[in-house]
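# Structure at a glance
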2 protein chains.
Amino acid sequence: MNRIGIDVGGTFIKGGIIDDKGNVLFSTKVQTFNDDEKISVVDNLYNLINYLIKKNKSISDTFLSFIGLGIPGIVNRKKGLAEFSGNLSWNNVPIIGLLKDKGITIPMKICNDSRSACIGEMMFGAGMQYKSAIVMTIGTGIGAGIVINGKLFEGNGDKGGEVGHTLLMMNGELCTCGRHGCFEAYASAKALIRYTKEEMLYNKNSLMWSHVYGNIENVDGTLAFTCAKLNDKSANKVINKYVKYLSEGILNICNCFRPEAIIIGGGISETGDFLFKKINEYIAKRDYGYKCTPKVNVIQAKLGNSAGMIGAAFMNEFLEDGENG
Amino acid sequence: MNRIGIDVGGTFIKGGIIDDKGNVLFSTKVQTFNDDEKISVVDNLYNLINYLIKKNKSISDTFLSFIGLGIPGIVNRKKGLAEFSGNLSWNNVPIIGLLKDKGITIPMKICNDSRSACIGEMMFGAGMQYKSAIVMTIGTGIGAGIVINGKLFEGNGDKGGEVGHTLLMMNGELCTCGRHGCFEAYASAKALIRYTKEEMLYNKNSLMWSHVYGNIENVDGTLAFTCAKLNDKSANKVINKYVKYLSEGILNICNCFRPEAIIIGGGISETGDFLFKKINEYIAKRDYGYKCTPKVNVIQAKLGNSAGMIGAAFMNEFLEDGENG
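Residues numbered from 1 in each chain as written. Chains lettered and ligands numbered in written order. Predicted model: local features only at pLDDT ≥ 70, side-chain atom pairs only at ≥ 80, totals over all residues.

The next thing to look at is the overall build of chain A. In terms of regular secondary structure, chain A is built from eleven helices and 13 strands. Rg of the C-alpha trace for chain A: 20 Å, near the compact-globule value of 20 Å for 325 residues, within the 12% margin. For chain A, the spread of C-alpha atoms along the principal axes amounts to about 55 × 50 × 35 Å. Residues counted as buried form 51% of the 325 residues belonging to chain A. (Helix = DSSP H or I, 4+ residues; strand = E, 2+ residues; numbered from the N terminus. Rg over C-alpha atoms; globule rule 2.2 N^0.38 Å. Buried ≥ 20, exposed ≤ 12 C-beta atoms within 10 Å, placed from the backbone.)

Shown next as structure tokens:
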């Protein structure tokens, strides 16, 4: 049996046909928002799913058993309802019901997109060897999926696991959630871009300027890493600042959950060993109880951009409704 | 069958004979540290247990089936080892082995004292109606026991659940754990006493001075509450500051674990509704996702000082080794 996995992002909706072993047989993406405002996100989703259903017939003689959708924001899994998504401008959108009304008959489920990425990594990626791990996706925000003894931990009403919205700095930076000083506000890719721009404005001689052709609007989350590897002093200053915030948030997660591993995905994680060596050195020196506590391996995710799509396709197996409450 | 529950504190060791329904049939306490330094904490523990074994024979014709010990600090449950306890000056003390060597033959187990208090409250106190709750004990530090779907969550090697050692303020106050800015450093009873003294030194006209007979060394964790209830302006300032720190830490726990309830024990909790009304008002306004997230009830513990002792007596039933890892 094949499955369809959908990863809904703020810019693109990615969709793929996935086989029983987690292999991506085919994948494509469409824009989340159409230029013609009459065509809604739900229309785009419906069209993409329909396209993938037809595609499955042409590339495979295998039956499609399931469609899973990873949605950014707050999701009510049992009701198939996207309760709140800032990125999609959704408030209480009964997404599963709407797709059924449009004629999709294959069984469908939704979950939060960080959790579908977590399922992907735990089943087929960096988490395969662990029973208890946390998969953190660092992008515009910081999302997480928490697996304890092989089961996704979601908290009451599936609303726990929001580690991005625990504090680093009370009364600090305003966070998208309304609190001030959250981990997300200091360690997201957006925050890293902010630190990079601040440092560039402070030091006009930084190598970083030439890498963006003198235009600060070209700064992205990888710039400081690229230039730090080239020994640019300013870039290293930015990275050390960022690593400190990221690692302090990771220490909080270690002390709360003490997983076997923390797996980090998202664009920043692709800087690889350069980043992970720094994080692991930082936390080794500051972990609660020091030598008494089992080491938490902070490692890079393996499935890259596909984790959410692959995980979404398997959410019906990984999430047993009623057992994860 | 009766059980013995022992709660080892930095000043006193409390011990009790508990029946199968959690009733305390008899309890007593001894000093943790003897004036004669030749008599160790282990000796005091042994003598107390022996006394309770004899006492059980005199007050009841019921067999003693189990002895549970709640120990402050980092415990290796499976090995019966107190790995680290600052309060007891213990480093890798094989406490169960030592008590067996001295001749105790009744089955014994240890766990961290916050977790034994948690077991007590969940089985016989404020947590009886909840499947997922966190029991926080606020004293010199902030300890916690975390129950998810009826089971104690402990993390890898039993070293998770250290919510007192997550940040409120990066680079902030030095914490006993070595980090700077932990929840415990801002919301323990010790921190409240610090805020109280600071305010008293700032305002010599505060009612608080007369309540300690002019001697600031008499300040304890209840003084500001007592005087705030009497409308002393300075005392209210202290309480509002303390409630803010405590509530921000509680919000972190809500966002991570999203339990049904957070149950607070320890001396400060005994100020009752006055405190809990303020906390619940604070978090209602700042919870992640606001109206989307299920309410977390922040409530007072019920068993007072006996929670740890009662819970210790039942740890063998509540903790299933190998299932909580």
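A few words now on helix α8 (residues 233-257) of chain A. The terminal C-alpha atoms of α8(A) lie 36 Å apart, and with 25 residues this matches the ideal 36 Å at 1.5 Å per residue to within 8%. For α8(A), a buried count of 18 out of 25 residues is recorded, marking the element as mostly surrounded by other parts of the structure. (Expected span 1.5 Å × (residues − 1).)

Of all hydrophobic cores here, the largest spans 198 residues; its most connected members are A:Val135, A:Ala224, A:Ile262, B:Val135, B:Ala224 and B:Ile262. Once residues lying within four places of it in the same chain are set aside, the contact partners of B:Val135 are B:Ala117, B:Cys118, B:Glu121, B:Met122, B:Gly127, B:Ala144, B:Gly145, B:Ile263, B:Gly265 and B:Ala301. (Core = buried A, V, L, I, M, F, W, Y, C linked by C-beta atoms within 7 Å. Contact = placed C-beta atoms within 7 Å.)

Where interface size is quoted, it is often the accessible area lost as the parts come together. Each partner contributes residues to the interface: chain A has 36 residues there, and chain B has 36 residues. Every element with two or more residues in the side of chain A that touches chain B is listed here: β6 (81-85) and α8 of chain A. With five residues, α8(A) is the largest single contributor of residues to the side of chain A that touches chain B. The residue inventory of the side of chain A that touches chain B, partitioned by class, reads 16 nonpolar, twelve polar and eight charged. (Nonpolar A, V, L, I, M, F, W, Y, C, P; charged D, E, K, R; others polar.)

With that settled, the discussion passes to the relation of the copies chain A and chain B. Of the transformation superimposing chain A on chain B, the axial component is 0.0 Å and the angular component is 180°, with the fit at an RMSD of 0.0 Å. These values place the two chain copies in the arrangement generated by a two-fold rotation axis. Minimal C-alpha separation from the rotation axis in chain A is found for A:Met169, amounting to 2.2 Å. Interface residue correspondence from chain A to chain B reaches 100%, placing this contact among same-surface, isologous pairings. (Least-squares fit on C-alpha atoms with pLDDT ≥ 70 in both.)

With 19 residues, helix α1 (residues 41-59) of chain B extends 27 Å between its outermost C-alpha atoms, agreeing within 8% with the 27 Å of an ideal straight helix rising 1.5 Å per residue. Against the buried residues of α1(B) lie β1 (2-8), β2 (12-18), β4 (64-71) and α2 (95-101) of chain B.

Residue and element names in this part refer to chain A. Where burial is concerned, most of strand β1 (residues 2-8) is hidden: seven out of the seven residues are buried. Neither face of β1 is left uncovered, since the one carrying Asn-2, Ile-4, Ile-6 and Val-8 and the one carrying Arg-3, Gly-5 and Asp-7 both have all their residues buried. Note: β1 against strand β4 (residues 64-71), six bridges, orientation parallel. Residue pairing for β4: Arg-3 is matched across the bridge by Phe-66. (Pairing = 2+ DSSP bridges.)

Looking now at the sheet that holds strand β7 (residues 90-93) of chain B. Residues and elements named next belong to chain B. In space, the three strands of this open sheet follow the order β5-β6-β7, with antiparallel pairing throughout. A strand with exactly one partner marks an edge of an open sheet, and here the two such strands are β5 (74-76) and β7. Adjacent strand axes in the sheet meet at a mean angle of 15° when their direction is disregarded. Two elements, strand β6 (residues 81-85) and β7, share three bridges in a ladder whose sense is antiparallel. Within β7, the residue paired with Phe-84 across the bridge is Asn-91. (Axes fitted to C-alpha atoms, helices over the stretch in contact; angles between N-to-C directions.)

All names here are of chain B. Of all the five residues making up β6, four are buried; the element is thus mostly covered by neighbouring parts of the structure. As paired elements, β5 and β6 share three bridges and run antiparallel to each other. Residue pairing in the sheet places Ile-74 in a bridge with Phe-84 of β6. Hairpin geometry of β6 and β7 is characterised by an intervening segment of four residues between the two adjacent antiparallel strands and by a positive phi of about 55° at Ser-89.

With that settled, the discussion passes to the packing of helix α8 (residues 233-257) of chain B against helix α9 (residues 273-286) of chain B. All names here are of chain B. Viewed as axis vectors pointing N to C, α8 and α9 meet at an angle of 55°, and their least axial separation amounts to 9 Å. On the basis of their axis angle, the class for α8 and α9 is oblique. Of the two elements, α8 crosses α9, and the hand of that crossing is right-handed. Contacts between α8 and α9 involve Val-243, Lys-244, Leu-246, Ser-247, Ile-250, Leu-251 and Cys-254 on the former and, on the latter, Lys-278, Ile-279, Tyr-282, Ile-283 and Arg-286. (Parallel < 35°, antiparallel > 145°, perpendicular 65-115°, else oblique. Left-handed = near helix turned anticlockwise from the far one by under 90°.)

With that settled, consider the sheet that holds strand β13 (residues 297-300) of chain A. All names here are of chain A. Within the open sheet, the five strands sit side by side as β11-β10-β9-β12-β13. Their pairing is mixed. Either end of the sheet is taken by a strand with one partner, and the two such strands are β11 (151-153) and β13. Mean inter-strand twist for the sheet, computed between neighbouring axes without regard to direction, equals 25°.

Before going further, it helps to examine the domain arrangement of chain A. Residues and elements named next belong to chain A. Splitting chain A by domain gives domain 1 (2-112 + 307-318) and domain 2 (126-302). A straight line from the C-alpha centre of domain 1 to that of domain 2 covers 28 Å. The partner domain 2 presents five residues to the five residues of domain 1 that form the contact. Here the residues of the side of domain 1 that touches domain 2 sort into three nonpolar, one polar and one charged. (Domains from an automatic or database assignment.)

All names here are of chain B. Contact geometry for helix α5 (residues 189-202) and α8: axes closest at 10 Å, N-to-C directions at 145°. You can see that α5 and α8 cross each other, and the crossing is right-handed. On α8, the residues that touch Leu-192, Tyr-195, Thr-196 and Glu-199 of α5 are Ser-234, Lys-237, Val-238, Lys-241 and Tyr-242. Of the residues belonging to the contact of α5 with α8, the class tally is four nonpolar, two polar and three charged.

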